[in-house]
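Chain by chain, the residues:
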Amino acid sequence: MAAHLQLPRKKAPNPTDQHIGSRVRMRRKMLAMSQEQLAEALGITHQQVQKNEKGTNRIGASRLQQISHILQVPVTFFFEGAPNAAAPHDSSGSALSMAQIDDFVSDSNGLRLMRAFMRIDNAALRRRIAMLVQEIAGDDD
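Residues numbered from 1 in each chain as written. Predicted model: local features only at pLDDT ≥ 70, side-chain atom pairs only at ≥ 80, totals over all residues. Heavy atoms only, no water.

### Considering the overall build of the protein chain
And then number 1: Counting secondary structure elements, the protein chain contains 7 helices and 0 strands.
And then number 2: Start at the N end of the protein chain and walk to the C end: the helices and strands fall as α-α-α-α-α-α-α.
And then number 3: For the protein chain, with 141 residues in total, the buried portion stands at 26%.
And then number 4: If you take every contact in the protein chain between residues at least 6 apart in sequence, the share linking residues at least 24 apart comes to 58%.
And then number 5: For the protein chain, the accessible surface area stands at approximately 10,100 Å², while carbon and sulfur atoms represent 54% of it. (Helix = DSSP H or I, 4+ residues; strand = E, 2+ residues; numbered from the N terminus. Buried < 20%, exposed > 50% of the residue type's maximum accessible area, 1.4 Å probe, protein only. Contact = heavy atoms within 4.5 Å. Areas by Shrake-Rupley, 256 points an atom, 1.4 Å probe, with all protein chains shown as cover.)

Structure, rendered in structure tokens:
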């Protein structure tokens, strides 16, 4: 009988690790920071940042604290909307996936829109703008 060599299966990334990584990526992009810049600030390679952002490499507590300082957000920012937490909902009541949110902030137009929108101090005006966009999109809610 010939012995068969079994290669270990690649384990799928943990959903929480993926979520935290996507939040790191989102915030880094919001600050217009490259993976190389974040890596340099952390003292690691940009490949390690890439793996952290994909969730294939877990981010340790001290590294997450360091990232939160560099990206100027509290550590809790990375856990907002994490699996088993209340997910943001769109106007129709269906949960927005982190992939949808990540796609939005990864798109240059989505990022520009979000940055400009967040600079509007008047809450009533922001609400009216959101209603206008919903109306343009054909969203009745």
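Having seen the model, we can carry on.
### Some details on unusual backbone geometry
And then number 1: With a phi angle near 55 degrees, Ala32 is a residue other than glycine that sits in the positive phi range.
And then number 2: With respect to the secondary-structure elements, Ala32 resides in the loop between helix H1 (15-30) and helix H2 (35-42).
And then number 3: Look at Ala32 and you get exposed, because its relative accessible area is 59%.
And then number 4: With a phi close to 60 degrees, Gln72 is a non-glycine residue in the positive phi region.
And then number 5: Tracing the chain through its elements places Gln72 in the loop between helix H4 (61-70) and helix H5 (98-106).
And then number 6: Residue Gln72 is classed as exposed on the basis of its relative accessible area, which comes to 61%.

### A look at H1
And then number 1: Look at H1: 22 Å from first C-alpha to last across 16 residues, which is about the 22 Å you get at 1.5 Å a residue.
And then number 2: Those residues of H1 not exposed but buried are Asp17, His19, Ile20, Gly21, Ser22, Arg23, Val24, Met26, Arg27 and Arg28.
And then number 3: Structurally, the start of H1 carries an N-cap: the backbone nitrogen of Thr16 is 2.7 Å from a side-chain oxygen of Asn14.
And then number 4: Looking one or two residues past H1, Ala32 carries a phi angle of roughly 55 degrees, positive in sign. (Expected span 1.5 Å × (residues − 1). Polar contact = N/O pair within 3.5 Å; in protein donor to acceptor, adjacent residues only side chain to side chain.)

### Comments concerning the side chain of Ser68
And then number 1: Among the structural elements, Ser68 can be located in helix H4.
And then number 2: Excluding residues within four positions of it along the chain, Ser68 makes contact with Val73, Pro74, Val75 and Phe78.

### A few points about the nonpolar core
And then number 1: The biggest cluster of nonpolar side chains holds 21 residues, and the ones touching the most others in it are Val24, Leu38, Leu42, Ile67, Leu71 and Phe78.
And then number 2: Of all the secondary-structure elements, those providing two or more residues to this core are H1, H2, H4, H5 and helix H6 (108-118).
And then number 3: When residues no more than four places from it in sequence are discounted, the contact partners of Leu42 are Val49, Arg63, Gln66, Ile67 and Ile70. (Core = buried A, V, L, I, M, F, W, Y, C linked by side-chain atoms within 4.5 Å.)

Function cannot be inferred from these measures alone, as they are strictly geometric.
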